[in-house]
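Here is what each chain is made of, one letter per residue.
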Amino acid sequence: MSKYHAQVDQIRSLLESKAKADRAASMAAYMKDHFDYWGVTSPERAELFKGFKLDYKPSSETDLLHLMDSLWQQPEREFQYWAMSQWEASRKLIGSEGAAFAAGLVLQKSWWDSVDWLAGNALCLYYKSRPAELDKVRWSWIEHPNMWMNRTAIIVQLKWKEQTRTDWLEEAILPHRHSKEFFHQKAIGWALREYAKTNPQWVLDFVEKQDLKPLSVREATKHLR
């Protein structure tokens, strides 16, 4: 992947030009010190990316994924955010290889900010128009020993609205409804709360029927009771 070093070096120079040590420390603290930061804000990154994408456009899915992989391996968190922006800008290139790649990233440098983007944005939008493909992989996520993959299974339909498969949503939630893990409980509540905007009665009935954790119930019914 050496051909992508030039792009990574260019991105590093751009980020470094906006780096602020005091902000970096507070951003790292907010993320429980799981990652290093340059201290570059979201608006600053967006402005830097706007100029970068005029110069660099991936020509294929392979190019995009190689660049994203190179960025994901960098220590500062802004590189992973940059990879997300690159995906958004190049979404039309994504096929089944890209979806599998994004699912693999769930297990790399995992924390709520990256996982929620991968599951609730990248994978959610890709599989919304390809539900048959999701059906082939969703059980491997539901039964995965890693909680971030379970969370991905729960929230992957987050933006499906009327297209939501409630049987799939139920199947993703039920194995983890008694989990003591915060990120399981929060994901269940979030997925149900979003679907409640489309079908509130189904969500109310589901919450009444299932023995969910209190946090999941509070999140699910936040705008219903």
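Everything below is about the structure printed above this text.
Predicted model, so just to flag it, every value in this text is computed and none were measured.

*Asks:* Could you clarify how one ought to interpret the nonpolar core in this entry?
*Replies:* Side chains that are nonpolar tend, in soluble globular proteins, to be buried together. Ranked by internal contacts, the top residues of the largest apolar core, which has 75 residues, are Trp141 and Leu192. The element contributing the most residues to this core is helix α7 (residues 112–128), with nine residues. Residues within four places of Leu192 in sequence aside, it is in contact with Leu169, Ile173, Trp202, Val203, Phe206, Val207, Leu212 and Ala220.

*Asks:* For this particular structure, what's the right way to read empty space enclosed by the protein?
*Replies:* Rolling a probe over the atoms, with the probe sized like a water molecule, indicates the empty space that remains. Applying the stated rule across the entire model yields two cavities of 30 Å³ or more. If you add up the space inside the largest cavity, you get close to 80 Å³. In terms of lining residues, the largest cavity is bounded by Ile154, Ile155, Gln157, Leu158, Lys161, Thr164, Leu169, Ala191, Glu194, Tyr195 and Thr198. Elements with a minimum of two residues in the lining of the largest cavity: α9 (147–155) and α11 (182–196). The element best represented in the lining of the largest cavity is α11, accounting for three residues. Looking at the lining of the largest cavity residue by residue, the classes come out as six nonpolar, three polar and two charged. As a volume, the second largest cavity reaches approximately 60 Å³.

*Asks:* In this structure, what is going on with α9? I would like to understand it.
*Replies:* Residue pairs three or four apart in sequence face the same way in an α-helix, which turns once every 3.6 residues. For α9, a buried count of nine out of nine residues is recorded, marking the element as mostly surrounded by other parts of the structure. Residues of α9 that are buried sit in contact with α6 (96–105), α7, α8 (131–142), α10 (166–173) and α11. Sitting at the head of α9, Asn146 places a side-chain oxygen 2.8 Å from the backbone nitrogen of Trp148.

*Asks:* Teacher, can you tell me more about the packing of α10 against α11 here?
*Replies:* Between two packed helices, the angle of one axis relative to the other and the distance separating the axes together describe the packing. Packing of α10 against α11 brings their axes to within 11 Å, and their N-to-C directions diverge by 165°. As judged from the angle between their axes, α10 and α11 are roughly antiparallel. The handedness of the crossing between α10 and α11 comes out as left-handed. From α10, Thr166, Leu169 and Ile173 reach across to α11, where they touch Ile188, Ala191, Leu192 and Tyr195. Tallied by class, the residues present in the contact of α10 with α11 amount to six nonpolar, one polar and no charged.

*Asks:* Just checking my understanding: could you explain helix α5 (residues 77–89) for this structure?
*Replies:* The end-to-end C-alpha distance of α5 is 19 Å, a good match for the 18 Å that 13 residues give at a rise of 1.5 Å each. In terms of residue burial, α5 counts as a mostly covered element, since 10 of its 13 residues are buried. Those residues of α5 lying buried are Arg77, Glu78, Phe79, Gln80, Tyr81, Trp82, Ala83, Met84, Gln86 and Trp87.

*Asks:* Sorry, what's going on with the packing of α8 against α10 here?
*Replies:* Close contact between α8 and α10 brings their axes to 10 Å; oriented N to C, the two are set at 15°. With respect to their mutual orientation, α8 and α10 come out roughly parallel. Seen from above, α8 lies across α10 with left-handed handedness. Seen from α8, the contacting residues are Pro131, Leu134, Asp135, Arg138, Trp139 and Ile142; seen from α10, they are Trp168, Glu171 and Ala172. The residue inventory of the contact of α8 with α10, partitioned by class, reads six nonpolar, no polar and three charged.

*Asks:* I keep staring at the packing of aromatic side chains and nothing clicks. Help me out?
*Replies:* We describe a pair of aromatic rings using the distance from one ring centre to the other and the angle between the two ring planes. Within this structure, the stated rule accounts for 16 aromatic pairs. An angle of 35° between the planes, with centres 6.4 Å apart, marks the rings of Phe49 and Phe52 as tilted. One end of the pair is Phe49 and the other is Phe52, both in helix α3 (residues 42–55) and three residues apart, which spans about a single turn. With a relative accessible area of 8%, Phe49 lands in the buried category. Linked through ring pairs, Phe49, Phe52, Tyr56 and Trp82 together constitute an aromatic cluster. Positioned over the ring face of Phe35 is Arg77, at 3.7 Å from the centre of the ring.

Criteria and cut-off values
- Residues numbered from 1 in each chain as written.
- Predicted model: local features only at pLDDT ≥ 70, side-chain atom pairs only at ≥ 80, totals over all residues.
- Heavy atoms only, no water.
- Core = buried A, V, L, I, M, F, W, Y, C linked by side-chain atoms within 4.5 Å.
- Buried < 20%, exposed > 50% of the residue type's maximum accessible area, 1.4 Å probe, protein only.
- Helix = DSSP H or I, 4+ residues; strand = E, 2+ residues; numbered from the N terminus.
- Contact = heavy atoms within 4.5 Å.
- 1 Å grid on protein atoms, 1.4 Å probe; cavity = no way out; pocket = protein on both sides within 12 Å on 5 of 7 lines; lining within 4 Å.
- Points joined across faces, edges and corners; volume = space filled by probe spheres on them.
- Nonpolar A, V, L, I, M, F, W, Y, C, P; charged D, E, K, R; others polar.
- Polar contact = N/O pair within 3.5 Å; in protein donor to acceptor, adjacent residues only side chain to side chain.
- Axes fitted to C-alpha atoms, helices over the stretch in contact; angles between N-to-C directions.
- Parallel < 35°, antiparallel > 145°, perpendicular 65-115°, else oblique.
- Left-handed = near helix turned anticlockwise from the far one by under 90°.
- Expected span 1.5 Å × (residues − 1).
- Phe/Tyr/Trp six-rings, centres within 6.5 Å; stacked < 30°, edge-to-face > 60°.
- Lys NZ or Arg CZ within 6 Å of the ring centre and 35° of its normal.

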